[in-house]
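# Observations on chain architecture
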2 protein chains.
Amino acid sequence: MMNPFDDNYFMKRALQEAELAFEKNEVPVGAVIVMNDQIIARAHNLTETLNDVTAHAEMQAFTAAADFLGGKYLNKCTLYVTLEPCQMCAGASYWTQIGKIVYGASEEKRGFKAMNTTLHPKTKVVSGILENECSLLLKKFFIEKRNLN
Amino acid sequence: MMNPFDDNYFMKRALQEAELAFEKNEVPVGAVIVMNDQIIARAHNLTETLNDVTAHAEMQAFTAAADFLGGKYLNKCTLYVTLEPCQMCAGASYWTQIGKIVYGASEEKRGFKAMNTTLHPKTKVVSGILENECSLLLKKFFIEKRNLN
């Protein structure tokens with residue numbers, strides 16, 4: 001039997017978070033953190049709402065997951081995030097020792113790959129899951145934003 | 001007349017924050033953010049207390065300073081921090097567009113310099129202010145820690 005809880009399944013949940021950000025006029029990035037096929041944290045970008053550049057979806061998700069687990073380390077967890085993490089978020093992931101990062105759309109300029117951010121040596125990376133959907137939501141946001149200004 | 005509000009003055013304030021961390025059994029790193037010779041945010045490492053690897057002194061100080069200013073960008077501010085920022089904190093500083101970073105002790109392994117983290121192009125960096133004092137407090141912490149275990 002196929003496991004319904006695959007990368008697509010959890011990326012869809014991260015996309016739902018991104019859509020919540022979109023509705024709040026935030027750059028639409030969403031994230032969930034998963035352990036044993038269970039979502040233990042969900043978050044979306046809130047930098048405008050909180051007036052805080054550190055309020056990326058991933059940062060909030062790391063904090064929430066550690067709070068849920070009662071331990072700082074997320075080595076048994078997977079982060080699903082709709083956009084490739086930036087160097088701040090990748091740097092945070094280093095400290096969490098997260099087991100795996102799965103992202104949707106790439107960030108060619110400010111993503112951790114272009115920035116050469118060092119991940120924890122035990123962190124695996126998977127990219128391009130629901131890439132089109134994740135990317136389209138971001139494009140839609142920036143087009144609407146441009147037309148309003 | 002000499003300006004009493006020089007880098008040493010503000011690094012001493014950051015050191016006082018680091019001492020508060022020390023007393024809480026946290027890795028003793030402290031930070032203040034200054035605008036127009038006025039401290040607008042102060043923080044110390046709380047990763048153990050909050051069970052959150054993102055609770056570095058700098059991250060909290062960025063959040064507090066933006067909250068104080070009512071704006072996300074800290075381009076007119078200087079961050080004083082007792083230890084060279086890591087890639088997460090340097091990555092956050094990129095988003096804040098902070099005007100200047102002044103740090104005390106160097107972090108040869110996990111500091112943003114060794115990690116090649118990209119700062120905002122407008123961010124100036126000064127290092128080695130009260131380096132010995134900042135470094136000694138960290139050494140004292142790790143020696144005590146080792147002797148207890």
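Quick caveat: nothing in here was measured; it's all calculated off a predicted structure.

### Some words on the pairing of strand β1 (residues 30-35) of chain A
Residue and element names in this part refer to chain A. Across the six residues that make up β1, a large majority, five, are buried. In the sheet, β1 pairs with strand β2 (residues 38-44) via six bridges, with the strands oriented antiparallel. The partner of Met35 across the bridge, within β2, is Gln38. What sits between the antiparallel neighbours β1 and β2 is a turn of two residues, in which Asn36 has the positive phi angle 50°. Bridge count between β1 and strand β3 (residues 78-83): four bridges; the pairing is antiparallel. Within the sheet, the bridge partner assigned to Ile33 lies in β3 and is Leu79.

### Focus on the interface of chain B and chain A
With 28 residues of chain B at the contact, the number on the chain A side is 28 residues. Buried surface at the junction of chain B and chain A, both sides included, amounts to about 2400 Å², of which 59% is carbon and sulfur. One salt bridge connects B:Lys72 with A:Glu48, and the closest N-O pair in it is separated by 2.6 Å. In this structure, the connection of chain B to chain A is made through 14 residue pairs in polar contact (both at pLDDT 80 or more). Those elements giving two or more residues to the side of chain B that touches chain A turn out to be α2 (57-69) and α3 (87-96) of chain B.

### Quick look at the sheet that holds strand β5 (residues 124-127) of chain B
All names here are of chain B. Spatially, the five strands line up as an open sheet ordered β2-β1-β3-β4-β5, and their pairing is mixed. Of all the strands in the sheet, just β2 (38-44) and β5 have a single pairing partner and so form its edges. Looking at each pair of strands side by side, their axes are set apart by 15° on average, direction ignored. Relative to strand β4 (residues 100-105), strand β3 (residues 78-83) is paired through five bridges, and the arrangement is parallel. The partner of Tyr80 across the bridge, within β4, is Val102. Here helix α1 (residues 7-23) sits on the sheet and contacts β1 (30-35), β2, β3, β4 and β5; the angle it forms with β1, its principal contact strand, is near 145°.

### Overview of the environment of A:Thr63
Note that A:Thr63 resides in helix α2 (residues 57-69). Linking A:Thr63 and A:Asn8, residues 55 residues apart in sequence, is a C-alpha distance of 24 Å. Those residues in contact with A:Thr63, other than ones at most four positions away along the chain, are B:Asp52 and B:Thr54.

### Quick word on the UniProt feature "binding site: Zn(2+)" (unreviewed entry) in chain A
Mapped onto the present numbering, the UniProt feature "binding site: Zn(2+)" (unreviewed entry) falls at A:His56, A:Cys86 and A:Cys89. Spanning 34 residues, the named residues form one tight spatial group whose C-alpha atoms are at most 9.3 Å apart. Its place among the elements puts A:Cys86 in the loop between β3 and α3 (87-96). With a relative accessible area of 5%, A:Cys86 lands in the buried category. Once residues within four sequence positions are removed from consideration, A:Cys86 is found in contact with A:His56, A:Glu58, A:Arg110, A:Gly111, A:Phe112 and B:Trp95. Setting aside its immediate chain neighbours within four residues, A:Cys89 contacts A:His56, A:Glu58, A:Met59 and A:Phe62.

### Details of the packing of α1(B) against helix α4 (residues 131-148) of chain B
Residue and element names in this part refer to chain B. Packing of α1 against α4 leaves a shortest axis separation of 10 Å and a crossing angle of 5°. On the basis of the axis angle, α1 is roughly parallel to α4. Every residue of α4 that contacts α1 at Met11, Leu15, Ala18, Glu19 and Phe22 is listed here: Glu133, Cys134, Leu137, Lys140, Phe141 and Glu144. The class makeup of the residues in the contact of α1 with α4 is seven nonpolar, no polar and four charged.

### Here's the deal with the packing of aromatic side chains
Evaluated as defined, the whole model comprises 16 aromatic pairs over all chains. Considering the side-chain rings of A:Tyr94 and A:Trp95, the 5.4 Å spacing of their centres and the 85° angle between planes classify their relative orientation as edge-to-face. Taking the centre distance of 5.4 Å and the plane angle of 35° together, the rings of B:Phe10 and B:Tyr80 count as tilted. You can see B:Phe10 sitting in helix α1 and its partner B:Tyr80 sitting in strand β3, a full 70 residues away along the chain. Using a relative accessible area of 1% as the deciding quantity, one classes B:Phe10 as buried.

### A short note on the relation of the copies chain B and chain A
Superposing chain B onto chain A takes a rotation of 180° plus a shift of 0.0 Å along the axis, which leaves an RMSD of 0.0 Å. The superposition operator between the copies reduces to a two-fold rotation axis. The C-alpha atom lying nearest the rotation axis in chain B is that of B:Met88; the distance is 2.0 Å. An overlap of 100% is found between the interface residues of chain B and their copies at the interface of chain A, pointing to a shared contact surface.

Scoring rules and cut-offs
- Residues numbered from 1 in each chain as written.
- Chains lettered and ligands numbered in written order.
- Predicted model: local features only at pLDDT ≥ 70, side-chain atom pairs only at ≥ 80, totals over all residues.
- Heavy atoms only, no water.
- Buried < 20%, exposed > 50% of the residue type's maximum accessible area, 1.4 Å probe, protein only.
- Helix = DSSP H or I, 4+ residues; strand = E, 2+ residues; numbered from the N terminus.
- Pairing = 2+ DSSP bridges.
- Contact = heavy atoms within 4.5 Å.
- Buried area = accessible area lost by both parts, 1.4 Å probe.
- Salt bridge = Lys/Arg side-chain N within 4 Å of Asp/Glu carboxyl O.
- Polar contact = N/O pair within 3.5 Å; in protein donor to acceptor, adjacent residues only side chain to side chain.
- Axes fitted to C-alpha atoms, helices over the stretch in contact; angles between N-to-C directions.
- UniProt positions renumbered as here; feature names shortened; annotations may be inferred.
- Parallel < 35°, antiparallel > 145°, perpendicular 65-115°, else oblique.
- Nonpolar A, V, L, I, M, F, W, Y, C, P; charged D, E, K, R; others polar.
- Phe/Tyr/Trp six-rings, centres within 6.5 Å; stacked < 30°, edge-to-face > 60°.
- Least-squares fit on C-alpha atoms with pLDDT ≥ 70 in both.

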